[in-house]
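Listed here are the chains, written in short residue letters.
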Amino acid sequence: MSNTGNKSAPGYLRLGVNIDHVATIRNARGNDHPDPTRAAKLAEEAGADGITAHLREDRRHIRDADIARLKDEIGLPLNLEMAATPEMLAIALRHKPHACCIVPERREEVTTEGGLDAAGLHNHLKPIVDRLGDAGIRVSLFINAEKRQLEAARSLGAPVVELHTGAYCDAAMERQSAKRDAELARLAAAAREGTALGLEVHAGHGLTFDTVGPVASLPELAELNIGHFLVGEAIFVGLGESIRLMRAAMDAARRASEAPAASDKASR
Ligand code: PXP
């Protein structure tokens, strides 16, 4: 039986909708419109499984008050993306979101450009992962698809990793098919290795209708987090529709990847 569309089935692929760029548009004029919390409620109606928001050190999009409102007003699990700093740890412990995804952060970057060096930063990350875990917050580390980083996540005791899909998406957009395929193979291997290590594996960054299919087909993945493209596409089709179309693309990819296994069984 297909696991697509049935949220309680074991192989269901969750969609976390990142609403940061609703706040980017709001902040361009300095007032309250468009409201990221309203977008989160719309995302819930459109079938999102969670809401993701990145409180950056420079507050360039999401602000502290957004996190408070999202936590209080939305029905979906909130995934707070944050740098591993004392300030962000205090904010996370105050609001107690469902999950925290620890990301590397550099002020001058346009977006989160690479994965966290979980291996090199073990001693810095360990107390933060422990404090969040002790508070009942599910900790995820945003890493590149490398075995060394998966092993580091495991040794840190983080239950979840999120694989950075940016290099795959960039290669696909630039039509570099050999690089795209190599990056996808790296993601596939990391999804398998992470699962074998006992980690729950997520993925995200830069995904679009054109790039989501091959990633959604990786059977070990439990969740994708997608933002910029969904908010951009909302200009043309509306936010609800852009989320519904993404959900449909994910479901179609999972169905197609399950089909050979199902027909193998039928012919046995
Ligand atoms: N996952 C993580 C950890 C991220 O930092 C981001 C970007 O904030 C995303 C997913 C979503 O990326 P995009 O906005 O490119 O879809």
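**Student:** Tell me about the overall build of the chain, residues and numbers included.
**Tutor:** The helix and strand inventory of the chain stands at eleven helices and eight strands. Taking the principal axes of the C-alpha coordinates as reference, the chain spans close to 60 × 45 × 35 Å. Here the chain holds 268 residues, and the buried ones make up 49% of them. Across the chain, contacts joining residues at least 24 apart in sequence account for 68% of those joining residues at least 6 apart. Accessible area of the chain: about 12400 Å², with a carbon and sulfur share of 53%.

**Student:** Quick rundown of the site of the ligand? Include the residues and the values.
**Tutor:** Not every one of the 14 residues close to the ligand is listed here, only the nearest: Glu81, Glu162, Gly206, Gly227 and His228. Contact distances for the ligand include 2.8 Å between an oxygen atom and a backbone N or O atom of His228. Compared with its free state, where it exposes 390 Å², the ligand has 95% of that area covered by protein. For the shell around the ligand, a count of residues per class yields four nonpolar, seven polar and three charged.

**Student:** Pulling in residues and values, what's your account of unusual backbone geometry?
**Tutor:** The peptide bond linking His33 to Pro34 adopts the cis configuration, its omega dihedral lying at -5 degrees. In this fold, Pro34 is placed in the loop between helix H1 (20–29) and helix H2 (36–45). The backbone phi angle of Arg175 is positive, close to 55 degrees, even though this residue is not glycine. For Arg175, the location among the structural elements is in the loop between helix H7 (166–173) and helix H8 (177–196). Its relative accessible area of 77% is what places Arg175 among the exposed residues. Positive phi values are uncommon outside glycine, yet His205 reaches one of about 115 degrees. In this fold, His205 is placed in the loop between strand E7 (200–204) and helix H9 (212–216). For His205, a relative accessible area of 23% puts it in the partly exposed group.

**Student:** How would you sum up the pattern of salt bridges? Please name residues and give values.
**Tutor:** The full count for this structure, using the stated rule, is 19 salt bridges. For Arg138, the salt bridge goes to Glu223, with nearest N and O atoms at 4.0 Å. Of this pair, Arg138 sits in strand E5 (residues 138–143) while Glu223 sits in strand E8 (residues 221–226); the two residues are 85 residues apart in sequence, bridging distant segments of the chain. Measuring nitrogen to oxygen at the nearest pair gives 3.4 Å for the salt bridge that ties Arg244 to Glu241. On the criterion of helical spacing, the pair formed by Arg244 and Glu241 is a turn pair, its members being three residues apart in helix H11 (residues 239–267). Residue Arg244 is classed as partly exposed on the basis of its relative accessible area, which comes to 44%. When its relative accessible area of 32% is taken as the criterion, Glu241 is described as partly exposed. By sharing partners, the salt bridges in this structure join Lys7, Asp49, Arg247 and Asp251 into a single network.

**Student:** Got a sec to walk through H7? Specific residues and values, please.
**Tutor:** Residues of H7 that are buried: Gly166, Tyr168, Cys169 and Ala171. Buried-residue contacts for H7 involve strand E6 (160–164), H8 and H9. Residue Arg175 follows H7 closely and has a positive phi angle near 55 degrees.

**Student:** So what about the packing of helix H4 (residues 86–95) against helix H5 (residues 122–134)? Which residues, and what values?
**Tutor:** Between H4 and H5, whose axes approach to 10 Å, the crossing angle comes to 10 degrees. In this view, H4 runs roughly parallel relative to H5, as classed from their interaxial angle. Contacts between H4 and H5 involve Leu89, Ala92 and Leu93 from the first element and Ile128, Arg131 and Leu132 from the second. For the contact of H4 with H5, the class distribution of residues is five nonpolar, no polar and one charged.

Rules used in this analysis
- Residues numbered from 1 in each chain as written.
- Predicted model: local features only at pLDDT ≥ 70, side-chain atom pairs only at ≥ 80, totals over all residues.
- Heavy atoms only, no water.
- Helix = DSSP H or I, 4+ residues; strand = E, 2+ residues; numbered from the N terminus.
- Buried < 20%, exposed > 50% of the residue type's maximum accessible area, 1.4 Å probe, protein only.
- Contact = heavy atoms within 4.5 Å.
- Areas by Shrake-Rupley, 256 points an atom, 1.4 Å probe, with all protein chains shown as cover.
- Near = heavy atom within 4 Å.
- Polar contact = N/O pair within 3.5 Å; in protein donor to acceptor, adjacent residues only side chain to side chain.
- Nonpolar A, V, L, I, M, F, W, Y, C, P; charged D, E, K, R; others polar.
- Salt bridge = Lys/Arg side-chain N within 4 Å of Asp/Glu carboxyl O.
- Axes fitted to C-alpha atoms, helices over the stretch in contact; angles between N-to-C directions.
- Parallel < 35°, antiparallel > 145°, perpendicular 65-115°, else oblique.

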